[in-house]
Structures are given as C-alpha cells and as structure tokens.
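Fold and geometry: a report
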Amino acid sequence: MWRGKRFTLPSASEFPLAAIEAEEEGKVLLSLRMILGDEQYKTWRGLATTAADAEHFSQTIMRELGRGNP
C-alpha cells in the first residue's frame, strides 16, 4: 500500500532483467515502469509528483520486499 493504493509487484527474483539493467544504467523510472507495468505505473504517476515521492515509494517497496532499511 502506498498513499491508499495497493500496488502488486513480483518478487524481487522475478523482476525482469531489463528492469534491473535500466536501474544499473540510472534509469530508475524506466525500471519502475517495467516492474509495475503500464497501468500500475500510470496510477503511481497520478500520486507521485516529486523526486521525494519516488524515493519514498522505493523505500516502501524495499521494506515490503524485506530489503533495505526498515
């Protein structure tokens, strides 16, 4: 859940390799779009308007996946 919306993500081991490559190339939003899919990404973009929003969403995802800082 993020800002009252439920997002469904694959497990980290199921992330598309293209998304991982995009992340490594610094294309964070492209990577996120590949992981979320077009419809969920559109929903997310309706809620996220700043770089801080993107960072908060990323932290939320990592926490849910059991990675990163709690």
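Everything in this summary refers to the structure shown in the same document. (Residues numbered from 1 in each chain as written. Predicted model: local features only at pLDDT ≥ 70, side-chain atom pairs only at ≥ 80, totals over all residues. Heavy atoms only, no water.)

Examining helix H3 (residues 38–47)
Inspection of H3 places Gln40, Tyr41 and Trp44 among the buried residues, and these make up the whole buried set. With its buried residues spanning 100° around the axis, H3 presents them on a single face. Exposed residues pointing more than 90 degrees away from the buried face of H3 are listed as Asp38, Glu39, Lys42 and Gly46. Of the surrounding elements, those touching the buried residues of H3 are helix H2 (28–36) and helix H4 (51–64). (Buried < 20%, exposed > 50% of the residue type's maximum accessible area, 1.4 Å probe, protein only. Helix = DSSP H or I, 4+ residues; strand = E, 2+ residues; numbered from the N terminus. Arc of directions from axis to C-beta. Contact = heavy atoms within 4.5 Å.)

Some remarks on H2
Considered for burial, the residues of H2 that qualify are Ser31, Leu32, Ile35 and Leu36. One face of H2 carries all of its buried residues, which in axial projection span an arc of 125°. Here the buried face of H2 lies against helix H1 (17–24), H3 and H4. Looking one or two places after H2, you find glycine 37, whose phi comes out positive at around 90°.

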